[in-house]
Amino acid sequence: MYTLFGTEGSGSAAIEIALKYCGADYRWVAASSWEEGSGRDELRRINPLLQVPTLVLPDGTVLTESAAILTCLGLEFPASGLLSLNPSERALQLRSLAYIAANCYAAIGIIDYPERWLPAANKGQLQQLISGARSRLYEHWDTFSDVFEHTAAWQPEEPGAVEILACVVTRWADTREHLRLSRPGFHAALLDIDSHVATALARRCF
């Protein structure tokens, strides 16, 4: 059995959806760095950074980073559809997952915790950092749409790992509203993905 550490509204939603795609048995542990409780204590013992999602594999291996977890599950459960069986298509999917993690997910960390990057800054400076990170986040999603939307890496009618992660991460920092105006076709595809994955969602996912 897998063990998934997460909390409502976090990236653990993508992993929970993926586990349901895989038909895998898992135990949910409510935990995060900002919530007191036994779950956080349990998470700290296996991941001192208190990152969510954190996934513990059936053999006890601890796995972090959403893109890595989704890749691992896609390879472990090839029939799940998380990753393509075609090597060229899978390569594009892996590139897309890495792009979201390195660019979009990273910008969210700055927006949510600007003081970690400017610990001695005043409120005005922190707000300036947040604004810059938000603008950069939107640029990254625009670029993602331009580069990947019309490739085999993007299949909103049959969502896999890339679409699931995009579906979750675009819900943060008003990204959906930005994309509705800047990339309406891509925004519409995200809404399609929402409807496809709805049956796999637990209440806590969003």
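All chains use their own residue numbering, which begins from 1 and follows the written sequence. Per-residue local features of the predicted model are confined to residues with pLDDT of at least 70, and side-chain atom pairs are confined, for both listing and counting, to 80 or more; whole-chain, interface and lining totals are unaffected and use all residues. To get the side-chain values, take all heavy atoms of the structure and skip hydrogens and water.

K.L.:
A description of the overall build of the chain should follow, citing residues and the corresponding values.
P.N.:
Comment: elements are numbered from the N terminus, with helices defined as DSSP H or I runs of at least four residues and strands as E runs of at least two. When helices and strands are counted, the chain shows eight helices and four strands. In sequence order, the chain lays out its α and β elements as β-α-β-α-β-β-α-α-α-α-α-α. Overall size of the chain, expressed as C-alpha extent along the three principal axes, is 50 × 45 × 30 Å. Counting across all 206 residues of the chain, residues that qualify as buried make up 49%. Only heavy atoms matter for contacts: two residues are in contact if any of them lie within 4.5 Å across the pair. By sequence separation, contacts in the chain at least 24 residues apart represent 63% of the contacts at least 6 residues apart. Computed by Shrake-Rupley with a 1.4 Å probe, the accessible areas treat only the displayed protein chains as cover when residues are assessed. Carbon and sulfur atoms make up 52% of the accessible area of the chain, which totals about 10,000 Å². Averaging the locations of the 17 positively and 24 negatively charged side chains of the chain gives two centres separated by 5 Å. For each residue, the accessible area found with a 1.4 Å probe, counting protein chains only, is set against the maximum for its type, and the residue is called buried under 20%, exposed over 50%, and partly exposed in between. Note on charges: Lys and Arg go in the positive column, Asp and Glu in the negative column, and His and the chain ends are not counted at all. The atoms used to mark charge sites are NZ of Lys, CZ of Arg, CG of Asp and CD of Glu.

K.L.:
Could you give me a rundown of the pairing of strand E2 (residues 26-30), with the residues and numbers involved?
P.N.:
Pairing analysis gives five bridges linking strand E1 (residues 2-6) to E2, with the strands arranged parallel. Looking at E2, one finds that Thr-3 is bridged to Arg-27. Strands qualify as paired when DSSP identifies two bridges or more between them.

K.L.:
I'd like to hear about unusual backbone geometry, residue by residue, with values.
P.N.:
With an omega of 5°, the peptide bond running from Val-52 to Pro-53 counts as cis. Within the secondary structure layout, Pro-53 lies in the loop between helix H2 (38-46) and strand E3 (54-56). If you check the backbone angles, Leu-50 has positive phi at about 55° while not being a glycine. Turning to its location among the elements, Leu-50 is positioned in the loop between H2 and E3. On the basis of relative accessible area, Leu-50 is assigned to the buried category, the value being 10%. The backbone of Asp-174 sits at a positive phi, close to 60°, despite the residue not being glycine.

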